[in-house]
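Given next are the chains, with one letter for each unit.
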Amino acid sequence: MTADKPDKLSATKLPSLGGAVTGRVRASWGSSTSYQSATPSAVSWPGGSYRFSARRIANTRQLSNTAVHPKRHSVPFPTIQYRKHIPGTPTHGLQRVLTDADRAATYQDRQRHRYLSLSNGIWASISGWPLVALIVAFVVCLPILSVLYLAFNPEENIWPHLLDTVLVRYISNTVILMVGVAFGTLCIGVSTAWLVTRYDFPGRSIFNWALLLPFAVPAYVIAYIYTDLLEFAGPVQSALRSAFGWKLANEYWFPSIRSLPGAISMMVLVLYPYVYLLARAAFLEQSASVLEAAKILGGRSRSRFFKIALPMARPAIAVGLAMALMETLNDFGTVDYFAVQTLTAGLYDVWLGMNNLGGGAQIASLLLIFVMMLIGLEKTSRRHREHFQPTASRFRKLDRRRLTGKSAALATTSCALPILLGFLVPAWVLLNYSIRYFELSYTEDFRQIAMNSIALSATAAAAAVSVGILLSYSQRLRPTKLLKTSVSISSLGYAVPGAVLAIGVIIPFAAIDNAIDALMRSHFDISTGLLLSGTVFALVFAYTVRFLAVAYGSVDASMKKISPHMDDAARSLGHSSLTILSRIHLPLMKSGVLTAALVVFVDCMKELPATLVLRPFNFDTLATHVYQYASDELIGEAALGSLLIVLVGLVPVVLLTVSIDRSQELKAAGITTVGTSKHAV
């Protein structure tokens, strides 16, 4: 009950009574569940110290609409005597006293009714499709929860030993690696994006899409190639010794490629497209009128870039940087081949070398801290993006300024070097080695390995896209806060390094296998062996968790383009949610689903850290095949598999290029698109 105005006899006059006298109440006889709203005949508290008679209460201006309501938790609880109307009898002279027990029972009934209503509401909000989505979110989070549980409950706690020996080195190398990669990707990605967006120079139209080509080359592949080129017996140092007459390595200085700076260089060459892609999109979205206004106010070209264009694009750049650093944490092949002791390499050393899964989980928990920091950076950048880059109803495309002479040559060189070092040189070396070692490499085993990769990646892509459709459609049906939170949690798998994910999958799967085996042995004297861990199912599960965010982003962007009125029209014709999805949504979002499946397929083909641990015995993929041959210094035999991975990786690069160009054409025409290229990334 609520009151319009308090009367003379108000709660302020009864501070010690634990009750309140309200003014004009909006209730008629008997409408309240807990208390009858009427004119009380008397109000008294235990002990008789305070009592208000009906006459005193009736003397207020509100008369019959005045009621006394005790506070819910007041002690002692007052006894209230009401006049209550009974149908068929006169309204005067009838009184009924509500005892404390009556009020307590009525209050309990009311609370029970509220609880049942709340429970029914929660169950209704999570039943059906949303319930399945919540179960999927829990399953996706299971690896992370398993890692955290084992980190705090290891069988043998070697944390003090790690802290005294190698842990500081692992952390410092990881931080230096991330800082170096961040600096390199920012310098190359932002500068090249600004050049191809703002200026016109020879080769700009080619550089516009060719700068994405290093996307196709995995970091571990380019590390193998440059090690072969730059080591002591490689062609570069051999040519230098021949030209200057040197014989021994101590006669000259040459930087070591197998070092922390070498690992930073290799990762920068293949990860800068993350920053370039989003920075270029952000620069293209900036209207020319903003920069022209700064020019009129006397701003020079450099100041317009650093004070206007760069701050407006900063959130998008931060997102690209966070994604590049996540890939840096995920890398194992490069740091292992270069013998750089990072947290990822240390995780494998402790887990497989020292045979201590608990210690590996403890190092994995440290990696998760780095990941959470990067996720926070990415989320913060997305949340504040509209403040840096407001949308305007009148958008005018930037007019590129023509460069000539030395400026044009410098711009061309700046854009050509990343493409040359990050794609053309590796592709040429791989093609050369593949031709020379083709007969030695293209064997029956290689064909079987290629088929394993294709089948495994296709299965994982189908699973990830199916789960992505389930999450997106469930959120469309019931856009509750709980479901949105669950979907956001489900997308965290992409940020989890493959080594951490491998531990998170092994722990619960091994526990389930051991429990089933023990049960079958005790009851039937049969050993079931490995049903989940060490099987292809474990790999598919890990791939699905790892790349679910990629599939969901593309699928959800396509589903949001479908008008909700189509769903309403289908329901009015008697169609169920499943029929609407199969007959309306899926045909309309076919291109988005195929794009998501293709991108996940390519990512699975390149995935190495989790595959090394979770693959079954005598089961290899192209990534593990290349890793094993390169570790044995057999770059020629690894070239064909590496080239195939690179060729497959070119497909999403083409899709990204077409998608960006198409979105810019639509924007120039005044058409707003839903879903940008960042979902494909």
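Only a predicted model underlies this, so the values are computations on that prediction, with no experimental measurement involved.

Notes on the overall build of the protein chain
The number of helices and strands found in the protein chain is 27 helices and 8 strands. Intrachain contacts of the protein chain at a sequence separation of at least 6 include 78% that bridge at least 24 residues. Surface summary for the protein chain: the accessible area is close to 33600 Å², and the carbon and sulfur share equals 62%.

Focus on empty space enclosed by the protein
The full count for this structure, using the stated rule, is 4 cavities of 30 Å³ or more. As a volume, the largest cavity reaches approximately 550 Å³. Along the walls of the largest cavity sit 31 residues, with F215, Y274, E327, D603 and K606 positioned nearest its centre. Listing elements by their share of the lining of the largest cavity, those giving two or more residues are α7 (219–230), α9 (260–284), α11 (301–330), α21 (536–559), α24 (590–606) and α27 (635–668). Grouping the amino acids of the lining of the largest cavity by side-chain chemistry returns 22 nonpolar, 3 polar and 6 charged. If you trace the second largest cavity, you find it lined by T174, L177, M178, T328, L329, D331, T342 and T344. Looking at the lining of the second largest cavity, the elements that each hand over two or more residues are α5 (167–198) and α11. Considering each element in turn, the lining of the second largest cavity owes the most residues, 3 residues, to α5. Of the residues in the lining of the second largest cavity, the class split is 3 nonpolar, 4 polar and 1 charged.

A look at unusual backbone geometry
Residue A339 is not a glycine yet carries a positive backbone phi of 60°. By the secondary structure assignment, A339 is in the loop between α12 (333–337) and α13 (343–353). Taking the relative accessible area as the measure of exposure, A339 reaches 66% and is therefore exposed. Positive phi values are uncommon outside glycine, yet E633 reaches one of about 65°. Along the polypeptide, E633 turns up in the loop between α26 (622–631) and α27.

Some words on the packing of α21 against α24
Direction vectors running N to C along α21 and α24 enclose 155°, while the axes themselves pass 8 Å from each other. Taken as axis vectors, α21 and α24 run roughly antiparallel relative to one another. The way α21 lies across α24 gives a crossing that is right-handed. When α21 is examined against α24, the residues Y543, F547, V550, A551, S554, V555 and S558 are found in contact with a partner set consisting of G592, V593, T595, A596, V599, V600, D603 and C604. Grouping the constituent residues of the contact of α21 with α24 by class yields 10 nonpolar, 4 polar and 1 charged.

Quick word on the packing of aromatic side chains
A full pass over the atoms with the stated rule returns 15 aromatic pairs. Taking 5.1 Å as the distance between ring centres and 75° as the angle between the ring planes, the aromatic pair formed by W194 and F283 counts as edge-to-face. Taken as a pair, W194 in helix α5 and F283 in helix α9 lie far apart in primary sequence, 89 residues in all. Like F283, W194 is buried. For the ring pair F509 and F541, a centre distance of 5.3 Å and an interplane angle of 45° mean the geometry is tilted. Highlighted residues: F509 in helix α20 (residues 498–524) and F541 in helix α21, separated in sequence by 32 residues. Classification of F509 by relative accessible area gives buried; the value is 6%. Ring-pair connections join several aromatic residues into one group, and the members of that group are Y220, Y224, Y337 and F338. The ring of F232 has R241 sitting right over it, with the charged end atom 4.0 Å from the ring centre.

Side note on the environment of V179
Summarising the element assignment, V179 is placed in helix α5. On the accessibility criterion, V179 (52% relative accessible area) is exposed. Between the C-alpha atom of V179 and that of L325, which follows or precedes it by 146 residues, the distance is 8.9 Å.

Topic: the pattern of salt bridges
Applying the stated rule across the entire model yields 9 salt bridges. The residue R258 makes a salt bridge to E633 at a minimum N-O spacing of 2.6 Å. Within this pair, whereas R258 is found in the loop between α8 (235–244) and α9, its partner E633 is found in the loop between α26 and α27, the two being separated by 375 residues in sequence. Residue class for E633 comes out partly exposed when judged on its relative accessible area of 41%. For the salt bridge of D567 with R476, the shortest nitrogen-to-oxygen distance reads 3.0 Å. Here D567 is found in helix α22 (residues 564–572), whereas its partner R476 is found in helix α18 (residues 444–477), with 91 residues between them in sequence. When its relative accessible area of 4% is taken as the criterion, D567 is described as buried. A single salt-bridge network, built from bridges that share partners, covers D200, R204 and R402.

Regarding the nonpolar core
Of all hydrophobic cores here, the largest spans 178 residues; its most connected members are F201, F283 and L347. Looking at this core, the element that brings in the most residues is α9, giving 18 residues. The contacts of L347, once residues within four sequence positions are left out, are G360, I363, A364, L367, A499, V500 and I503.

With respect to a nonpolar patch on the surface
Residues I135, F138, V139 and L145 make up a contiguous nonpolar surface patch of roughly 360 Å² in combined accessible area. Along the polypeptide, L145 turns up in helix α3 (residues 129–152). Residue class for L145 comes out partly exposed when judged on its relative accessible area of 44%.

Looking at the packing of α22 against helix α23 (residues 577–588)
Running from N to C, α22 and α23 point in directions that differ by 155°, and their axes come no closer than 11 Å. When the interaxial angle is binned, α22 and α23 end up roughly antiparallel. The element α22 and its partner α23 pack so that their crossing is right-handed. Residues M566, D567, A570 and R571 of α22 form the contact with α23, whose own contacting residues are I580, I584, H585 and L588. By residue class, the composition of the contact of α22 with α23 is 5 nonpolar, 1 polar and 2 charged.

Remarks on the environment of G498
On the secondary structure map, G498 appears in helix α20. A relative accessible area of 0% places G498 in the buried class. Put simply, G498 and V613 are 115 residues apart on the chain and 9.7 Å apart in space, counted from C-alpha to C-alpha.

Things to note about the confidence of the model for the protein chain
For the protein chain, per-residue confidence averages 77 on the pLDDT scale, and residues scoring 70 or more make up 73% of the total. Per-residue pLDDT stays below 50 along residues 89–101; that stretch engages in 24 contacts with residues further than four places along the chain or on separate chains. In the predicted structure, residues 671–681 sits below a pLDDT of 50 and forms 25 contacts with residues beyond four places in sequence or in another chain.

Thoughts on the side chain of T328
Mapped onto the secondary structure, T328 falls in helix α11. Apart from residues no more than four positions distant in its own chain, T328 is found in contact with L177, V181, M267 and L271.

Conventions adopted
Residues numbered from 1 in each chain as written. Predicted model: local features only at pLDDT ≥ 70, side-chain atom pairs only at ≥ 80, totals over all residues. Heavy atoms only, no water. Helix = DSSP H or I, 4+ residues; strand = E, 2+ residues; numbered from the N terminus. Contact = heavy atoms within 4.5 Å. Areas by Shrake-Rupley, 256 points an atom, 1.4 Å probe, with all protein chains shown as cover. 1 Å grid on protein atoms, 1.4 Å probe; cavity = no way out; pocket = protein on both sides within 12 Å on 5 of 7 lines; lining within 4 Å. Points joined across faces, edges and corners; volume = space filled by probe spheres on them. Nonpolar A, V, L, I, M, F, W, Y, C, P; charged D, E, K, R; others polar. Buried < 20%, exposed > 50% of the residue type's maximum accessible area, 1.4 Å probe, protein only. Axes fitted to C-alpha atoms, helices over the stretch in contact; angles between N-to-C directions. Parallel < 35°, antiparallel > 145°, perpendicular 65-115°, else oblique. Left-handed = near helix turned anticlockwise from the far one by under 90°. Phe/Tyr/Trp six-rings, centres within 6.5 Å; stacked < 30°, edge-to-face > 60°. Lys NZ or Arg CZ within 6 Å of the ring centre and 35° of its normal. Salt bridge = Lys/Arg side-chain N within 4 Å of Asp/Glu carboxyl O. Core = buried A, V, L, I, M, F, W, Y, C linked by side-chain atoms within 4.5 Å. Patch = residues over 30% accessible without salt bridge, like charges linked within 9 Å, V, L, I, M, F, W, Y side chains within 5 Å. pLDDT = per-residue confidence, 0-100.

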